[in-house]
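Coordinates in review
Each chain, letter by letter, is given below.
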Amino acid sequence: MDNKKFIHKEEYQDGKYNIVSLSNGKKDLRRILCKSEDICIIPFDTNQNGKIRNLYLAKYLDYLNNDHGYTCMSTEYAGNKESDFDEISEYLNSELGIKPDVNNLYYLGSIKHQLPFSKSYKCYGLDLTDFSKDPNGFSVEISDSEKENKLYTVEKIKFNRVVKGDISDSLCLSAAMLLISYLN
């Protein structure tokens, strides 16, 4: 495919997002580009053998489909802290009510989506096994008023549901595959 035959036209730009139309006279395409890099966190716990047992995903209401969906926790990378760990630690404290140790947080790699939008993430795994007070799994320990101010809830999902494709979120699946490769 010859890129020179496509005419690029920027339709929208706000400093973070661009919407670009591409046309070669026969085909018209529209792409969304996100200039910022975000942080993606896939919280998990393990069983006695060190195998991944559960993932803790953000359950949100998809307003376009009027249905619930699940995804990884994510935040915009601000880069205003001394280190990535400090930034992630502050985020996790506000979202989950925990202060992770460097031994609980793993850099898994980068995830970059291309179609229909372009977006990149620094992906981290968060081992919640040591934070679980209940043998059945982790629960968020923030006040009810803080929980009500969130646009999502954090819910425990069996790991095999993600791998089997029951969760239809490409970010979650990509992060789960990075997590498997890191822990194996």
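Preceding this paragraph is the structure being described.
Residues numbered from 1 in each chain as written. Predicted model: local features only at pLDDT ≥ 70, side-chain atom pairs only at ≥ 80, totals over all residues. Heavy atoms only, no water.

**Remarks on helix H1 (residues 84-96)**
Helix length check: H1, at 13 residues, gives a terminal C-alpha distance of 18 Å against a target of 18 Å (1.5 Å per residue), a fit within 8%. Considered for burial, the residues of H1 that qualify are Glu-87, Ile-88, Ser-89, Tyr-91, Leu-92, Glu-95 and Leu-96. Tucked into the core, H1 has its buried residues touching strand E3 (28-46), strand E6 (73-76), strand E7 (105-113), strand E8 (117-127) and strand E9 (152-158). Just past H1, the residue Gly-97 takes up positive phi, approximately 75 degrees. (Helix = DSSP H or I, 4+ residues; strand = E, 2+ residues; numbered from the N terminus. Expected span 1.5 Å × (residues − 1). Buried < 20%, exposed > 50% of the residue type's maximum accessible area, 1.4 Å probe, protein only. Contact = heavy atoms within 4.5 Å.)

**Describing a nonpolar patch on the surface**
On the surface, a cluster of nonpolar side chains totalling about 270 Å² of accessible area is made up of Tyr-12, Tyr-17 and Ile-32. Along the chain, Tyr-17 turns up in strand E2 (residues 17-23). (Patch = residues over 30% accessible without salt bridge, like charges linked within 9 Å, V, L, I, M, F, W, Y side chains within 5 Å. Areas by Shrake-Rupley, 256 points an atom, 1.4 Å probe, with all protein chains shown as cover. Salt bridge = Lys/Arg side-chain N within 4 Å of Asp/Glu carboxyl O.)

**Quick word on the pattern of salt bridges**
In total, this model carries 8 salt bridges according to the counting rule given. Between Glu-76 and Lys-16 there is a salt bridge whose closest N-O contact spans 2.8 Å. One end of the pair, Glu-76, is in strand E6; the other, Lys-16, is in the loop between strand E1 (7-13) and E2, with 60 residues separating them in the sequence. Using a relative accessible area of 41% as the deciding quantity, one classes Glu-76 as partly exposed. When its relative accessible area of 23% is taken as the criterion, Lys-16 is described as partly exposed. Of the charged contacts, one joins Glu-155 and Lys-59 as a salt bridge, the two residues approaching to 3.7 Å between their closest N and O atoms. Within this pair, whereas Glu-155 is found in strand E9, its partner Lys-59 is found in strand E4 (residues 52-62), the two being separated by 96 residues in sequence. Given the relative accessible area of 26%, Glu-155 is considered partly exposed. On the accessibility criterion, Lys-59 (24% relative accessible area) is partly exposed.

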